[in-house]
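# Architecture at a glance
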Amino acid sequence: MAFAPNVQEMVRSNPLQVPETFLVSRKEEDEPKSTAEVLDLSSKIPILDLSLLSREHKEELNKLDQACKEWGFFQVVNHGVATELLQEMKDATAKFFELPLEEKNKIRMSGGREGYGQAYAISEGQTMDWSDTLILSLYPAQSRDLQFWPTAPNGFRETIEAYSSEVKRIGEELIRSLSTIMGLEKDALLGLHKEVLQALRVNYTPPCSMPDKVLALSPHSDTTTITILMQEDNVTGLQIRKEGKWVPVKPIPNALVVNVGDALEIWSNGKYKSIEHRAVPNESRLRISYASFLFPHTDAEVGPFDHMVESSRIYKKLKFGDYMAKAIKGKLDGKAHTEMAKIGS
Ligand SMILES: O=C(O)CCC(=O)C(=O)O
Ligand SMILES: [Fe+2]
C-alpha cells in the first residue's frame with residue numbers, strides 16, 4: 001500500500017524517529033510487567049519432544065493435550081531439522097532484507113497477499129505495525145507464484161524450499177499427534193484438511209527507539225490449524241496473552257514455537273485454544289521471525305467433532321475458505337474472527 005511506510009528505510013534514515021501513525025495507546029493492563037508472575041508464567045510454557053510424539057509416546061501425547069488446552073502455545077525440540085538449515089534460512093533472509101529497496105521492490109506485493117511489503121496496511125489512518133514482511137505460498141507446490149519469490153541472494157529460493165519442506169514434515173507429524181489426542185484415527189485430521197496449505201510469513205522488525213510505544217505485530221490469533229514459528233535465538237519479541245497478561249515466549253536455541261490456530265480451536269469445540277499473541281520490537285536489535293502457517297484447504301469443512309462437544313456446541317460448521325475470506329478482510333484484531341464463527345453470531 002502506498003501510504004504504508006517501509007519501516008526498514010524509515011529507521012535507516014532516522015533511527016530516532018517514530019511517526020505518530022505507529023504509536024499505540026497501550027492500556028495499563030496490557031503492559032507486560034516484568035513481575036515474578038509473568039516470568040514464572042513464561043518459564044512454564046510447555047516444551048515438547050517431537051521424536052517422542054512421532055513414536056506415539058503416551059506421556060508426551062498427554063503433555064501435548066495439556067499444552068493445547070491450557071496454553072495454545074508450546075516449543076518443540078528434537079524436531080530433526082538440521083541446525084545448519086535453520087541458520088542458512090536466517091542468514092539468507094537477513095541478506096535479502098539488506099538488499100537495496102529497488103531490488104526488494106521487484107517482488108513487491110501488488111494487491112494480493114504475496115510478496116514483499118507491509119502486510120496489514122488496510123486503511124489510511126490505522127495504527128501501523130513496526131515491521132516489514134515477505135509472504136510466500138509454499139504448498140501445495142502448484143500454489144507457488146514464482147514472480148514473488150526473491151531471486152537474490154543466490155540460493156535463497158532453494159533454502160526457502162528446503163526449510164519449508166522440513167516444516168511441512170513437522171507440521172504433518174504434529175497434525176497426526178493432534179488427531180490421536182482428539183480421539184481420531186492418526187490420519188483422520190490430515191484427511192479432513194483435503195490438502196494442507198502452507199504459507200510463509202517473514203516478519204522483519206528493525207530496532208525501535210521507543211519500543212514500548214509501538215507494536216511489531218498487533219494482537220491477533222492465527223486462522224490456521226497450527227503455526228510453526230522460528231524466532232531469533234537471542235532477541236525476545238513474541239508475547240502471548242495468558243491470564244490477562246502479556247507473557248514473553250523466550251527463545252530456546254534451535255527450538256520451534258508452535259501454536260494452535262482458529263481451525264483447530266473450532267474442530268475441538270474450544271477445548272484447544274487459539275491464543276492471542278503479538279510481537280514487540282527491541283530497542284537496539286533487529287528481530288526477524290518466520291511464521292509458517294498450515295491451513296485446511298479452502299474447500300474443507302471445519303466444525304466441532306461431535307465427540308468433542310461436551311455440553312454445547314460453540315462453533316458452526318463452515319467452509320474454511322469462507323472463514324478465511326472474512327478473517328483476512330480486516331486489520332489484525334485480537335480474537336474478532338473466531339467470535340464470528342460462533343453459533344448465534
Ligand atoms: O514475530 C513473532 O514472533 C510472531 C509472528 C506471528 O504471530 C505471525 O506472523 O502470525
Ligand atoms: Fe501469529
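As a reminder, the structure under discussion sits directly above these lines.
To start, this report covers the structure provided alongside it. Remember, predicted model here, so these are calculated numbers, not experimental data.

### Observations regarding the coordination of the iron ion (ligand 2)
Ligation of the iron ion (ligand 2) by protein atoms is provided by His220 (NE2), Asp222 (OD) and His277 (NE2), these donors lying 2.1 to 2.2 Å from the ion. The motif formed by the donor residues of the iron ion (ligand 2), counted along the single chain, is H-x1-D-x54-H. Taken as a pair, Asp222 in the loop between β6 (217-220) and β7 (226-230) and His277 in strand β11 (residues 277-279) lie far apart in primary sequence, 55 residues in all. Comparing Asp222 with His277 shows no difference in burial state: the two are buried.

### Topic: helix α10 (residues 320-327)
Listed as buried for α10 are Phe320, Gly321, Tyr323, Met324 and Ala327. Each buried residue of α10 lies within a common arc of 160 degrees when the element is viewed along its axis, so the set occupies one face. Tucked into the core, α10 has its buried residues touching α9 (262-267), β12 (287-295), β13 (301-302), β14 (318-319) and α11 (336-339).

### Quick notes on the site of ligand 1
Around ligand 1, the structure places 13 residues, and the nearest of them are Asn203, His220, His277, Arg287 and Ser289. The side chain of Arg287 places a nitrogen or oxygen atom 2.8 Å from an oxygen atom of ligand 1. Taken by itself ligand 1 offers 300 Å² of open surface, and the protein chains cover 96% of this. Listing elements by their share of the shell around ligand 1, those giving two or more residues are β5 (197-205), β6, β11 and β12. Among the elements that make up the shell around ligand 1, the one with the highest residue count is β12 (four residues).

### A closer look at the sheet that holds β6
Reading across from one edge, β6-β11-β8-β9 is the order of the four strands in this open sheet, with antiparallel pairing throughout. Edge positions in the sheet fall to β6 and β9 (245-248), since each of these pairs with one other strand and no more. The average undirected angle you get between the axes of adjacent strands in this sheet is 25 degrees. The pairing of strand β8 (residues 238-242) with β9 spans four bridges and is classified as antiparallel. Residue Gln239 lies in a different strand from β9, and its bridge partner there is Pro248. Contacts between helix α2 (residues 36-43) and the sheet are confined to β8 and β9, with β9 contributing the most and set at about 55 degrees to the helix.

### Points about the sheet that holds β5
Strand order in this open sheet of eight strands is β1-β2-β10-β7-β12-β5-β4-β3, and the pairing throughout is mixed. Edge positions in the open sheet fall to β1 (47-49) and β3 (115-117), since each of these has one partner strand only. Within this sheet the neighbouring strands show an average axis-to-axis angle of 25 degrees, counted without direction. In terms of strand pairing, β7 meets β12 through five bridges, oriented antiparallel. Looking across to β12, one finds that Ile226 is bridged to Leu294. Of the strands in this sheet, β3, β4 (132-139), β5, β7 and β12 are in contact with helix α5 (residues 83-98), which crosses β12 at around 115 degrees.

How each quantity is defined
- Residues numbered from 1 in each chain as written.
- Chains lettered and ligands numbered in written order.
- Predicted model: local features only at pLDDT ≥ 70, side-chain atom pairs only at ≥ 80, totals over all residues.
- Heavy atoms only, no water.
- Donors = N, O, S within 2.8 Å, 3.2 Å for Na, K, Ca; no water.
- Helix = DSSP H or I, 4+ residues; strand = E, 2+ residues; numbered from the N terminus.
- Buried < 20%, exposed > 50% of the residue type's maximum accessible area, 1.4 Å probe, protein only.
- Arc of directions from axis to C-beta.
- Contact = heavy atoms within 4.5 Å.
- Near = heavy atom within 4 Å.
- Polar contact = N/O pair within 3.5 Å; in protein donor to acceptor, adjacent residues only side chain to side chain.
- Areas by Shrake-Rupley, 256 points an atom, 1.4 Å probe, with all protein chains shown as cover.
- Pairing = 2+ DSSP bridges.
- Axes fitted to C-alpha atoms, helices over the stretch in contact; angles between N-to-C directions.

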